[in-house]
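Single-letter residue listing:
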Amino acid sequence: MLTIASRCWLCQCPLHLAVQGICSLCQKHLPAAPPCCLRCGLPSSGGETDCGRCLLKPPPWDAMIFASPYEMPVSGLVLRFKFSNQPELDTALARLLLLRWQARYRMRNLPRPDVLLSVPLHQKRYFSRGYNQSELLAKPLARWLHCEYLPDALSRDRRTTSQQSLTERERKWNLRNAFTCHVSLRGKHVMLLDDVVTTGSTVREISKILRNQRVASVQIACICRTLQT
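What you see is a predicted model, and the numbers here were worked out from it, not measured in a lab. (Residues numbered from 1 in each chain as written. Predicted model: local features only at pLDDT ≥ 70, side-chain atom pairs only at ≥ 80, totals over all residues. Heavy atoms only, no water.)

Peer 1: I'm lost on the side chain of S75 in this one. Help?
Peer 2: With respect to the helices and strands, S75 occurs in helix α3 (residues 74-83). Here the side chain of S75 touches M72 through a polar contact of 3.1 Å, landing on its backbone nitrogen. Not counting residues up to four positions away in its chain, the partners in contact with S75 are Y70 and C224. (Helix = DSSP H or I, 4+ residues; strand = E, 2+ residues; numbered from the N terminus. Polar contact = N/O pair within 3.5 Å; in protein donor to acceptor, adjacent residues only side chain to side chain. Contact = heavy atoms within 4.5 Å.)

As structure tokens, this is what we get:
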């Protein structure tokens with residue numbers, strides 16, 4: 001008898017390769033993002049080039065890659081993965097992100113990362129959830145990208161208010177001095193992984209820390225990107 005691991009997480013049809021998690025047909029029909037800025041990941045009238053927002057105020061990273069807009073069905077899988085104790089979704093979601101990264105890499109405007117970092121959880125939140133969803137995503141992704149994963153490079157030093165209930169300005173203040181990087185990454189191409197990027201406040205704060213270390217580049221990778229401006 002087929003188990004849930006051998007069926008597509010979306011359509012529940014049998015999978016030839018259970019590790020893929022999502023069948024090729026469902027992948028083909030995932031929601032497509034509009035033309036987005038390759039740097040900030042937000043919709044851009046100029047197509048896939050640096051948008052006016054980035055030209056006026058560049059973010060402290062070089063590129064953003066996401067598997068899907070924050071829309072069903074992928075957003076639903078992320079919620080199940082994050083809040084419904086379904087860590088076994090990690091490989092399927094990481095694979096979606098890998099496919100998107102490979103497409104960007106073939107455009108020859110993205111370096112292969114030397115190091116992969118995941119956005120850390122505060123210790124109390126980690127213990128209450130039982131796992132860090134970004135860390136689970138990072139492990140298979142680093143293996144596929146043939147880069148080093150440093151799970152202890154970043155720490156969240158104080159417990160912050162949940163970002164979901166805050167405005168963009170409040171999110172920025174909420175995260176001030178919340179993170180520390182414990183290793184030297186000077187000259188490295190770094191990928192920073194989070195499950196969802198909404199306003200970008202979390203990855204912005206960490207990217208500033210990485211820039212202060214004079215890394216070669218920072219690329220942000222996430223499963224879902226909220227596209228409302």
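What follows picks up the thread again.
Peer 1: Before we go on, may I ask you to explain the sheet that holds strand β1 (residues 63-69) in this structure?
Peer 2: What holds strands together in a sheet is hydrogen bonding between their backbones, with the strands either parallel or antiparallel. One open sheet holds the five strands; their spatial order is β1-β7-β6-β2-β3, and the pairing between them is parallel. Each having just a single partner strand, β1 and β3 (148-149) make up the two edges of the open sheet. Sheet analysis places β1 next to strand β7 (residues 217-225), joined by six bridges and oriented parallel. Each residue of the ladder has a partner; that of S68, found in β7, is C224. Seen against the sheet, helix α6 (residues 133-145) touches β2 (115-118), β3, β6 (189-197) and β7 and runs at an angle of roughly 140° to β6. (Pairing = 2+ DSSP bridges. Axes fitted to C-alpha atoms, helices over the stretch in contact; angles between N-to-C directions.)

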